[in-house]
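Secondary and tertiary structure notes
Okay, here's what each chain looks like letter by letter:
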Amino acid sequence: MTVLVPNHELGRSDYFLLVVLGHFIDKIFLLGRLYSFWTAPDTSNHVMSQRRRQDQELQVISEDGNTKRKHGEDKDIMGEVTRTHEAIQSLDKSISTLQMELAAKRSTLELIRSGGSPVTAETSQPRKKAFVVVGVNTAFSSRKRRDSVRETWMPQGEKLQQLEEQKGIVIRFTIGHSATSNSILDKSIDSEDAQHHDFLRLDHVEGYHELSAKTKIFFSTAVDIWDADFYVKVDDDVHVNLGMLATTLARHKSKPRTYIGCMKSGPVLADKNVKYHEPEYWKFGEEGNKYFRHATGQIYAISKDLATYISINQPILHKYANEDVSLGSWFIGLEANHIDERNMCCGTPPDCEWKGQAGNVCVASFDWSCSGICKSVERMKDVHSRCGEGDSAVWSALI
């Protein structure tokens, strides 16, 4: 009998065709055996015996085929294939997560034995369970941007706490510290945090050209504090529909090593006078080449196992000039699932408004020309009123 081993690399339709082909091969093999009985030289009694046996076997085959057709054989096979595929995906994710957690434990133990401090604080207090941790990247000079986010898509006060406790959705503005200890900039953030309680302070010196380093530290810090299924980075000039974000992530919850965002492949810019100049352009081949496929930097999400991988390997992960390129490069050698979610990069009105009216509510909206919402402080409320999913959407989201 032909045995087909399920392969989670195959699509459902491909595997279904293989199952059908396997059954077809079995039938041909059986008929070949029957033909050999007909043609083999033997006595007349033996031939008659073989004929009766053939008739019986053909009758069994016919009855078996009719019975299976009556019970919807194709539907049963497809259902079994689907269940097997889902089970394999779930098992693969569990193994991937356990491997990353084991590596993290070993890394921590080795550091302790060598007299150093552990990378994570797991030894001091248990991590908080969450579905997703959303880090809103911000800067010292962006107070007005933060307020525009607080006044629109980011819940405040008790609602922010309830969102964590009831839905497992954690949202924090992520910021490091200034180059000067206890500067007026740091004290300003301390005061703002005392008022809103919505910051995640990072052990990082703030600076535009240090975004790749900040990204690594954010994921490492978030993994240290929260045991979440997903970790999201978003800029503070992007509009987000939290309910749609949660729903979108939930669709990929069973998949291992997921890297979700609007995938792109822009040109590698060798000219020093342009904004997104790549000093290491020579690593990408001939002039005019493009980057490998990666998620655009305005918003992206990664699963727990990939975030843990970044946390473990933080010291040796290379940083390119552009943060989104750096993140994509860290996953190049991994069996990562690149998921291109175009509803994470909608345009501002009328684009996101039209899509919402058509039933395709956007996860995130911004202007490509500004790498965020142009004049976001002034326009965030308008974008929210025209493209927002409604305050109740996140509370009813199926996670």
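Residues numbered from 1 in each chain as written. Predicted model: local features only at pLDDT ≥ 70, side-chain atom pairs only at ≥ 80, totals over all residues. Heavy atoms only, no water.

Per an unreviewed UniProt entry, the chain goes by Hexosyltransferase and derives from Zizania palustris. In its Sequence similarities (unreviewed entry) section, the UniProt record describing the chain reads: "Belongs to the glycosyltransferase 31 family." Quoted verbatim from the Pathway (unreviewed entry) field of the UniProt record, the comment on the chain reads "Protein modification; protein glycosylation." (UniProt positions renumbered as here; feature names shortened; annotations may be inferred.)

1. As for the nonpolar core
Counting residues in each nonpolar core, the largest one holds 45 residues, and the members touching the most others are Trp153, Ile171 and Leu249. A total of 5 residues in this core trace back to one element, the largest contributor, which is helix α8 (residues 242-250). When residues no more than four places from it in sequence are discounted, the contact partners of Ile171 are Val134, Val136, Met154, Pro155, Leu160, Leu163 and Leu242. Listed in part, the 27 residues of the second largest apolar core include Val170, Phe219, Ala295 and Tyr309. (Core = buried A, V, L, I, M, F, W, Y, C linked by side-chain atoms within 4.5 Å. Buried < 20%, exposed > 50% of the residue type's maximum accessible area, 1.4 Å probe, protein only. Helix = DSSP H or I, 4+ residues; strand = E, 2+ residues; numbered from the N terminus. Contact = heavy atoms within 4.5 Å.)

2. A short note on the state of the cysteines
What the rule picks out here adds up to 4 disulfides. Across the disulfide from Cys262 sits Cys345; the S-S distance is 2.1 Å. Here the S-S torsion is close to -95 degrees, and the disulfide linking Cys262 with Cys345 is therefore left-handed. On the criterion of sequence distance, the pair formed by Cys262 in strand β6 (residues 258-264) and Cys345 in the loop between β8 (337-340) and α11 (351-357) is long-range, its members being 83 residues apart. Each member of the pair, Cys262 together with Cys345, is buried. (Disulfide = S-S within 2.5 Å.)

3. Focus: helix α12 (residues 376-387)
Between its first and last C-alpha, α12 extends only 14 Å over 12 residues, short of the 16 Å set by a 1.5 Å rise per residue. Buried within α12 we find Ser376, Met380, Val383 and Cys387. Angular distribution of buried residues about the axis of α12 spans 75 degrees; they occupy a single face of the element. The exposed set on the far side of α12, more than 90 degrees from its buried face, consists of Glu378, Lys381 and Ser385. On the buried face of α12, the contacting elements are α4 (143-150), β5 (239-240), α11 and β9 (364-365). (Expected span 1.5 Å × (residues − 1). Arc of directions from axis to C-beta.)

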